[in-house]
Amino acid sequence: MAATLRTADIVVIGLGMALIAGIGALCSRKSRTADGYFLADRSLPGWAVGFSLMATIVSSMTFLALPAAAYQTNWRHFPANATYLLAVPVAWVLFIPFYRAGGLQSAYEYLERRFGLWARLYAGGAFIGFHLARMGLILYVASESIQLMIGRREEWVLDVVMIVFGVVVAGYTVLGGLRAVIWTDVVQGIALIGGGLICLPILLAGIPGGFGGLIDVAREHDKLTVGAWPGDASRHTLGATMLTKIIVFLQILGTDQTTVQRYFAAGSDRQARRALWIGGLLTVPVWGYFLLVGTALWAFYRFQADPAITTLTDEQIFPHFIMTQVPAGVAGFVIIGLIAAAMSTLDSSINAIAATITNDFYRRLWRPRETNRHYGKIGKALSLAVGVVMIASGLVIHASRTAEGVEDLQTKLLSILGGGILGLFLLGLLTRRATSRSAAIATTITVVTVTAWVGLATETAAGWFPALHELVEDTFWVGVVANPLLFALGWLLGSPRDDDSLDGVTIWTRRQDSGEMTLPEKPTPGS
């Protein structure tokens, strides 16, 4: 069977895209102010916000990368991904109460109230830089898979797919703001899970013995193992990967605007906490399920010979299976799941970047006293601009064949700009000793250290400074080192304080009368 879209698939995909676009148009009526556009008027139910959290973190990389990883090796990614459930209660106890108090507009506004304007601008700028760098790459990777399923390999086809895909995502996000993002994420999350659920029975039908046969052959070939427990750390053992992953998840749940916006959007504190748990309890099983799909793919093609798979990369095998084994029309629904996984990540980034630029830069530095409706218009204009940048960067990645280079740059940017962000937030929340000065010095030292580390780890540095290159550890460890380093320096360089300036901004100075952590008033614009 040829790996190409059929008429029924095209109809189903078209209907799915029309539904998503319609949600964006409907939500536009309630997204004319800044609160409506960026925070959905703080009115959404926890179950919808939780679904949105799941859909955003899963992404198209999960839809393709996890089945590919299980197909190629084993389940070694699962224990590290499961540490997400360890990060959830930390966010429930520590981050949500602070963010829900005091009428915050962004995660980085808290940093200004704790350490000053520099901290807000630094963290907000790091967030914007990282998400701008990754959006074009996600668009490119997802569009490549769609092109493969279309069955057309011409270069111009990939460009058209990226443009159409990008316009749809940017369109409903610009129109409906965060409300549209969350409600389309609900639809996309259902499509993502439903698409995966459709594939497993078809895979099992091609494996002798069905599910039992799959487990037997997978065990025989060690496909269900999770890898060896700690050995040489430089080899990214299971324990090392789990340690780095939990730091990444804490950073996502506690400091990333795409997540924090959802805490704000929930209708109450209780709904925000419910959203967090729903997201966590959905996300980990989804990751596990797609690993199972990858193992089933491996077993399926052991028994159902297909010469075409020898020409495909591991990431292309699942899309090939969808187009050649899943019935017409049904395959279209599965493809919507793949498209939805990418959409839910991209729409969140577009809206969160626009919110950060509007609230943390434009509103804070230049136009602090405009109307709520004015900031809503600015947010829409910025969302449109970010969408254009996303499409343009995807096209440039394709034209220059630099996907691997961009992914490497993205990793370096995250390490340099965001390597200590979690440490900075925890320094503010958990200590009374840290001051603006001590936090600024600690942040500077951490950024310089990480920059030197990342630079010396490159192949270029290996030629120029071979001795130093040999001394530096793998940059895989940046988050593990940078966050504790910033926290420790900020605490050591600080001085004990017990005054009103810390009222409500640490866990030790929370307002005991209400039990809530009420943040002090916002600083005067321009101060």
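Residues numbered from 1 in each chain as written. Predicted model: local features only at pLDDT ≥ 70, side-chain atom pairs only at ≥ 80, totals over all residues. Heavy atoms only, no water.

Peer 1: Residue-level account of a nonpolar patch on the surface, with values.
Peer 2: A cluster of nonpolar side chains, contributed by L85, W92, V93, W277 and L281, occupies part of the molecular surface with about 450 Å² of accessible area. For the nonpolar patch, the secondary structure elements donating two or more residues are α5 (84–100) and α12 (269–303). The leading source of residues in the nonpolar patch is α5, at 3 residues. Note on placement: W277 falls in helix α12. (Patch = residues over 30% accessible without salt bridge, like charges linked within 9 Å, V, L, I, M, F, W, Y side chains within 5 Å. Areas by Shrake-Rupley, 256 points an atom, 1.4 Å probe, with all protein chains shown as cover. Salt bridge = Lys/Arg side-chain N within 4 Å of Asp/Glu carboxyl O. Helix = DSSP H or I, 4+ residues; strand = E, 2+ residues; numbered from the N terminus.)

Peer 1: Residues and numbers for a positive patch on the surface, please.
Peer 2: Together, R29, R32, R373 and K377 give the surface a local cluster of positive charge. Residue placement: R373 occurs in helix α15 (residues 372–400). (Lys, Arg positive; Asp, Glu negative; His and termini not counted. Charge placed at Lys NZ, Arg CZ, Asp CG, Glu CD.)

Peer 1: A description of the pattern of salt bridges should follow, citing residues and the corresponding values.
Peer 2: A side chain with one charge may pair with a side chain of the opposite charge, provided their charged atoms come close. Within this structure, the stated rule accounts for 9 salt bridges. A salt bridge links E112 to R364; its shortest N-O distance comes to 2.5 Å. Taken together, the residues E112 in helix α6 (residues 107–115) and R364 in helix α14 (residues 330–366) connect sequence positions 252 residues apart. Pair check on accessibility: E112 and R364 agree, each one buried. A salt bridge links D185 to R262, with the nearest nitrogen and oxygen atoms 3.1 Å apart. (Buried < 20%, exposed > 50% of the residue type's maximum accessible area, 1.4 Å probe, protein only.)

Peer 1: Lay out the environment of S438 in plain terms, naming residues and giving numbers.
Peer 2: Within the secondary structure, S438 is located in helix α18 (residues 436–456). Residues S438 and F115, spaced 323 residues apart in sequence, show a C-alpha to C-alpha distance of 9.3 Å. A distance of 2.9 Å separates the side chain of S438 from the backbone nitrogen of T435, its partner in a polar contact. (Polar contact = N/O pair within 3.5 Å; in protein donor to acceptor, adjacent residues only side chain to side chain.)

Peer 1: For the nonpolar core, give the residues involved together with the corresponding values.
Peer 2: By size, the foremost hydrophobic cluster in this structure holds 152 residues, and its most contacted members are F63, Y99 and I322. Ranked by residues supplied to this core, first place goes to helix α8 (residues 155–205) with 19 residues. Excluding anything up to four places from it in sequence, Y99 contacts L104, A107, Y110, G254, T255, V260, Y263, F264 and F425. (Core = buried A, V, L, I, M, F, W, Y, C linked by side-chain atoms within 4.5 Å. Contact = heavy atoms within 4.5 Å.)

Peer 1: I'd like a rundown of helix α17 (residues 421–430), residues and numbers included.
Peer 2: Burial analysis of α17 places 9 of its 10 residues in the buried class, which makes it a mostly covered element. Within α17 the residues assigned to the buried category are I421, L422, G423, L424, F425, L426, L427, G428 and L429.

Peer 1: Would you mind going over the packing of α8 against α12 in detail, with residue names and values included?
Peer 2: For the pair α8 and α12, interaxial distance at closest approach is 10 Å and the crossing angle is 30°. As judged from the angle between their axes, α8 and α12 are roughly parallel. Crossing geometry of α8 relative to α12 is assigned as left-handed. Between α8 and α12, the residues in contact are L192, I193, G196, L197, L200, I202 and L203 and V286, Y289, F290, L292, V293, A296, L297 and F300, respectively. Of the residues in the contact of α8 with α12, the class split is 14 nonpolar, 1 polar and no charged. (Axes fitted to C-alpha atoms, helices over the stretch in contact; angles between N-to-C directions. Parallel < 35°, antiparallel > 145°, perpendicular 65-115°, else oblique. Left-handed = near helix turned anticlockwise from the far one by under 90°. Nonpolar A, V, L, I, M, F, W, Y, C, P; charged D, E, K, R; others polar.)

Peer 1: Let's hear about the side chain of T184: which residues, and what values?
Peer 2: Within the secondary structure layout, T184 lies in helix α8. Judged by its relative accessible area of 0%, T184 is buried. When residues no more than four places from it in sequence are discounted, the contact partners of T184 are I20, I23, Y172 and D347.

Peer 1: Please provide a residue-by-residue account of the side chain of R114, values included.
Peer 2: Secondary-structure assignment places R114 in helix α6. Among the polar contacts made by the side chain of R114, one reaches the main-chain carbonyl oxygen of A434 at a distance of 3.2 Å. Not counting the four nearest positions on each side in its chain, R114 is found in contact with L427, G428, T431, R432, A434, R497, L502, V505 and T506.

Peer 1: Could you give an account of the environment of G103, naming the residues involved and the relevant values?
Peer 2: The residue G103 is located in the loop between α5 and α6 in this model. Among the residues examined, G103 registers a relative accessible area of 33% and is labelled partly exposed. The sequence separation of G103 and F264 amounts to 161 residues, and the corresponding C-alpha distance is 8.7 Å.

Peer 1: Residues and numbers for the packing of aromatic side chains, please.
Peer 2: Taken as a whole and judged by the stated rule, the model has 17 aromatic pairs. Aromatic pair Y99 and F264: ring centres 6.3 Å apart, planes at 85°, arrangement edge-to-face. Here the residue Y99 occupies a position in helix α5, and F264 occupies one in helix α11 (residues 257–265), the gap between them amounting to 165 residues. Judged by its relative accessible area of 2%, Y99 falls in the buried class. A relative accessible area of 0% places F264 in the buried class. Their ring planes at 90° and their centres at 5.0 Å tell us that F300 and Y301 sit as a pair that is edge-to-face. The buried category is assigned to F300, whose relative accessible area is 5%. Stacked on the ring of F264, the Lys or Arg R42 has its end atom at 5.5 Å from the ring centre. (Phe/Tyr/Trp six-rings, centres within 6.5 Å; stacked < 30°, edge-to-face > 60°. Lys NZ or Arg CZ within 6 Å of the ring centre and 35° of its normal.)

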